[in-house]
Amino acid sequence: MSVSVQIKQKKLFKKKLDIAEIVQLTHLSYGVCDEHFRLVENEIGEHTLIFDKQKLARGIDLSIEGKSVNLFLNLPTSKEEIRCFYKTIETICAYLGVDEYIREGGYATMADTTVLIRRDEQGSIQGLQDLQEKIENSEYSGVQLMGIYNPISIGKKEIKRINSDLDNLSDFLHELQSMDVYYAAPHIYEVKNRLVGIYAIGADILSVVPTKPHVFFNDSLNVEEWFVILKDGKTIKYDDFLKNAGRKKYYDDNHVIVKLSEKKIDELISKYYIEV
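**Student:** Outline the packing of aromatic side chains, listing residues and values.
**Tutor:** Counted by the stated rule, this structure contains six aromatic pairs. Put simply, the rings of Y199, W226, Y238 and F241 touch in pairs and so form one group of aromatic residues. Here the guanidinium or amino end of K157 rests over the ring plane of Y250, the centre of that ring lying 4.0 Å away. The ring of Y273 has K234 lying over it, and the distance from NZ or CZ to the ring centre is 5.5 Å.

Now the structure itself:
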């Protein structure tokens, strides 16, 4: 589920739009997603994610198309982000000197804001209810929800905590994304005519790692083996890493948080080192 908005200029002499200028106009934090859907903060691209750092949720996608500004919001999301979305629309409309915009193919004005906020809140609740039903009935084993900083795996534990409540969703998304952690992602290589996935984990860094390694949104890749590179180019099998990494803290349905000391890394390499 999502909401898309296009704000078109109507004046004969239209402003030349600069995405950096529009981003600054919003007074929101910003960044771009890398190939693993992790946020690279304070960078601007063709698609820039803008967000309120005080209440982290899923982010608003901002882009420029000719003389128009496009905004995109994923649902379900928090009440705060929905309100932020429409406040941003109003800010950009005022800047461009227009009093209407296109929302999901139909025209809307500032007078519609309250109704549209309620509609998107209800859409978010319905989306959560549908997700909860499918997860609890095991129709879905888990779902990837795109957050601002990284994807978040939603399973039975998460959906029970959220319980189709937008305030719970807001607290959950902000809490998880406020952690000072490194969200590990794999690099895929072809080695000896097979695809292997390799995660890089450093010493003394709180690292979010998957319980089941995978490539986000690319199930067509047939990765035959998974490894972790620890230091000096030394690798061990992923299973050996996960089983022997020591204390783990739950992060989400498919991730845990680990922290390896230099001593632990040396121990893992001495016991499980293997050449890829």
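And the narrative resumes.
**Student:** Just give me the short version of the layout of surface pockets, but keep the residues and values in it.
**Tutor:** In this structure, the second largest pocket encloses a volume near 270 Å³. Contributions of two or more residues to the lining of the second largest pocket are made by β2 (29-33), β4 (48-51) and β6 (68-74). Looking at the lining of the second largest pocket, the element that brings in the most residues is β6, giving three residues. Its residues assigned to classes, the lining of the second largest pocket shows seven nonpolar, five polar and two charged.

**Student:** Just give me the short version of the pattern of salt bridges, but keep the residues and values in it.
**Tutor:** Two side chains that carry opposite charge are able to pair once their charged atoms sit near each other. Inspection of the entire model under this criterion finds 14 salt bridges. Its salt-bridge partner being E100, residue K10 comes within 2.2 Å of it at the nearest N-O pair. With a gap of 90 residues between them, K10 in the loop between β1 (2-8) and α1 (19-26) and E100 in strand β7 (residues 100-103) connect regions that are remote in the sequence. The residue E41 makes a salt bridge to K53 at a minimum N-O spacing of 2.9 Å. Linking E41 in strand β3 (residues 39-41) with K53 in the loop between β4 and β5 (60-65), this pair joins segments that are 12 residues apart in sequence. By relative accessible area, K53 is classed as partly exposed at 40%.

**Student:** Tell me about empty space enclosed by the protein, residues and numbers included.
**Tutor:** Enumeration over the complete set of coordinates arrives at one cavity of 30 Å³ or more. In this structure, the largest cavity occupies an estimated 40 Å³ of space. If you go around the largest cavity, the residues you meet are A184, A185, P186, Y199, P210, H214, F216 and H255. When the residues that make up the lining of the largest cavity are grouped by side-chain class, the tally is six nonpolar, two polar and no charged.

**Student:** I'd like to hear about the nonpolar core, residue by residue, with values.
**Tutor:** The biggest cluster of nonpolar side chains holds 29 residues, and the ones touching the most others in it are I7, L71, F85, Y86, I89 and Y101. Contributing elements (two or more residues each) for this core: β1, α1, β5, β6, α2 (79-96) and α3 (113-136). Broken down by element, this core gets its largest block of residues, eight residues, from α2.

Analysis parameters
Residues numbered from 1 in each chain as written. Predicted model: local features only at pLDDT ≥ 70, side-chain atom pairs only at ≥ 80, totals over all residues. Heavy atoms only, no water. Phe/Tyr/Trp six-rings, centres within 6.5 Å; stacked < 30°, edge-to-face > 60°. Lys NZ or Arg CZ within 6 Å of the ring centre and 35° of its normal. 1 Å grid on protein atoms, 1.4 Å probe; cavity = no way out; pocket = protein on both sides within 12 Å on 5 of 7 lines; lining within 4 Å. Points joined across faces, edges and corners; volume = space filled by probe spheres on them. Helix = DSSP H or I, 4+ residues; strand = E, 2+ residues; numbered from the N terminus. Nonpolar A, V, L, I, M, F, W, Y, C, P; charged D, E, K, R; others polar. Salt bridge = Lys/Arg side-chain N within 4 Å of Asp/Glu carboxyl O. Buried < 20%, exposed > 50% of the residue type's maximum accessible area, 1.4 Å probe, protein only. Core = buried A, V, L, I, M, F, W, Y, C linked by side-chain atoms within 4.5 Å.

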